[in-house]
There are 2 protein chains.
Amino acid sequence: MIEETSKIPQATSKRLPLYYRFLQNFASANKKRISSGELSEAMKIDAATIRRDFSHFGALGRKGYGYDVQYLLRFFREALDQDKETDVALIGVGSLGSAFVKYNFHKNHNTRIVMAFDPAATIEGVEKSGIPIYHPSQITQKMEEEGIEVAILTVPASEAQKITDELVEMGIKGILNFTPVRLTAPESVRIHTIDLSVELQALIYFIKNDLKNSQIE
Amino acid sequence: MIEETSKIPQATSKRLPLYYRFLQNFASANKKRISSGELSEAMKIDAATIRRDFSHFGALGRKGYGYDVQYLLRFFREALDQDKETDVALIGVGSLGSAFVKYNFHKNHNTRIVMAFDPAATIEGVEKSGIPIYHPSQITQKMEEEGIEVAILTVPASEAQKITDELVEMGIKGILNFTPVRLTAPESVRIHTIDLSVELQALIYFIKNDLKNSQIE
């Protein structure tokens, strides 16, 4: 019996894409069953956490038998909606934005940057690594035309809230925020913030305080 | 009484750099006292979490009175070792690495990329945005010379483990890993992984499953 995915704890949910990627690797290697120990070794997540996570997926491992790789793959594919591609807009093509344009999540077949916006672009738009870049004055029109609901925000801090307001107005559902600004948006808009300075400072803090080591997402 | 910082929960520790940044802003605005509500509003973290975190810092807020800004600033400065600069090496100056070189954490006075490595660099080294870039064959020598113990890893996935082994050999203490590889290293080396594809997939998963909204680090 598969539990409702909405009941899965948030920390577990954040690991789903990672589990999916590793399960795919094991499936490609024709592995039928996998133990929590093998996954732990490959993913650097402790085996107890994996077993607890998997119990939420309705996957019951048996001692000396392990988990069914195909069952888990099906579960993750469905949970992550892997059969449907999600189109994403990139706002801000500075140095970090350019890295995203070039990279464009080519390892994932289900997420893709399909357009970008930058003040350096002309009104007619330019192209970079196959992605059209438009002037920010066209955000609402272009995103609505394509029905895009997710944006990656890599603009200067001074622009972040203003553009967020515009995205909210236009009906955005989620923002991956790389600016250091704590954005204000309605409850219905999901915002994940990745502040690279904070990440580096946190790493240094942990090193200096010698906390228990583990790989952290 | 200030609790030993090593007893502070990990989730709380990860928020320290963020608290520090916001407290600095309030101090610059000549604010003497601050309530958990005001901080909550500014930081988009719920007030109960802030109060729980602050109880670990020995900061006791009083109703209608709030927290002492200077006390908290002193606590964070000490906990984060803000008076000491940490020099960091950047390994891999591709598109993401170039963004780091250009950005170089200029908002933080206490962390700084002081050297970078890339196969495109000559043996004599080149310079980019004021940062010397050396050939990877010089990683051990250059980092040892400068006593660098923290590295940001932005190399192709195929190189990640090999370079990690070299860094471990040379005595690295922490790695901020931007490759999708789950690195193998001794327990004593702290590794934080930020996988941008996984972050984007997790955001999309949360949107599609309509989980309770909150800003997530």
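Cut-off values and rules
Residues numbered from 1 in each chain as written. Chains lettered and ligands numbered in written order. Predicted model: local features only at pLDDT ≥ 70, side-chain atom pairs only at ≥ 80, totals over all residues. Heavy atoms only, no water. Helix = DSSP H or I, 4+ residues; strand = E, 2+ residues; numbered from the N terminus. Expected span 1.5 Å × (residues − 1). Buried < 20%, exposed > 50% of the residue type's maximum accessible area, 1.4 Å probe, protein only. Polar contact = N/O pair within 3.5 Å; in protein donor to acceptor, adjacent residues only side chain to side chain. Pairing = 2+ DSSP bridges. Domains from an automatic or database assignment. Least-squares fit on C-alpha atoms with pLDDT ≥ 70 in both. Contact = heavy atoms within 4.5 Å. Buried area = accessible area lost by both parts, 1.4 Å probe. Salt bridge = Lys/Arg side-chain N within 4 Å of Asp/Glu carboxyl O. Nonpolar A, V, L, I, M, F, W, Y, C, P; charged D, E, K, R; others polar. Core = buried A, V, L, I, M, F, W, Y, C linked by side-chain atoms within 4.5 Å.

**Structural notes on helix α8 (residues 196-208) of chain A**
Residue and element names in this part refer to chain A. For α8, which comprises 13 residues, the first-to-last C-alpha distance of 19 Å matches the rise-based estimate of 18 Å (1.5 Å per residue) to within 8%. Of all 13 residues in α8, 12 are buried; the element is thus mostly enclosed. Restricting attention to buried positions, one finds in α8 the residues L196, S197, V198, E199, L200, Q201, A202, L203, I204, Y205, F206 and I207. By the N-cap criterion, in which a side-chain oxygen at the helix start approaches the backbone nitrogen of a residue two or three places on, α8 is capped by D195, the distance to S197 being 3.1 Å.

**What about the pairing of strand β3 (residues 86-91) of chain A?**
All names here are of chain A. A large share of β3 lies buried, amounting to 5 of its 6 residues. The pairing of β3 with strand β4 (residues 111-117) spans 6 bridges and is classified as parallel. Looking at the pairing, I91 lines up with F117 of β4.

**Some points on unusual backbone geometry**
Phi at S129 of chain A takes a positive value of approximately 50 degrees, unusual for a residue other than glycine. Relative to the assigned elements, S129 of chain A resides in the loop between β5 (126-128) and β6 (131-134). By relative accessible area, which is 53% here, S129 of chain A ends up exposed. Even without a glycine there, the phi angle at K44 of chain B is positive, about 60 degrees.

**Regarding the pairing of β4 of chain A**
All names here are of chain A. The buried fraction of β4 amounts to 6 of the 7 residues, a majority that puts the element mostly inside the structure. Where β4 lies against β6, 2 bridges are found, and the strand directions are parallel. Directly across from A116, in β6, lies its bridge partner I133.

**Points about the domain arrangement of chain A**
With domains assigned, chain A is organised as domain 1 (5-79) and domain 2 (91-197). Taken over C-alpha atoms, the centre of domain 1 of chain A sits 32 Å from the centre of domain 2 of chain A.

**Observations concerning the relation of the copies chain A and chain B**
Expressed as a screw operation, the relation of chain A to chain B combines 0.0 Å of axial shift with a rotation of 180 degrees, fitting to an RMSD of 0.1 Å. The two molecules are tied by a two-fold rotation axis, judged by turn and shift. It is L96 of chain A whose C-alpha, among those of chain A, lies nearest the rotation axis, at 3.2 Å. Here 100% of the contact residues of chain A are again contact residues in chain B; the copies associate through an equivalent surface.

**Points about the interface of chain A and chain B**
Taken together, the 74 residues of chain A in the interface contact 74 residues of chain B. Across the interface of chain A and chain B, roughly 7,200 Å² is buried in total on both sides, 57% from carbon and sulfur atoms. On the chain A side of the interface with chain B, the three residues burying the most area are R182, R190 and Y205 of chain A, jointly 12% of the side's total. A salt bridge links D195 of chain A to R21 of chain B, with the nearest nitrogen and oxygen atoms 2.3 Å apart. Every element with two or more residues in the side of chain A that touches chain B is listed here: α1 (10-28), α2 (36-43), β3, α5 (95-103), β7 (150-153), β8 (174-177), β9 (190-193) and α8 of chain A. Residues of the side of chain A that touches chain B, tallied by class, amount to 38 nonpolar, 20 polar and 16 charged.

**What to know about the nonpolar core**
By size, the foremost hydrophobic cluster in this structure holds 46 residues, and its most contacted members are F100 and I152 of chain A together with F100 and I152 of chain B. Contacts of F100 of chain A, omitting those with residues within four sequence positions, involve L90, F105, I113, I152, T154 and F178 of chain A together with L196 of chain B.

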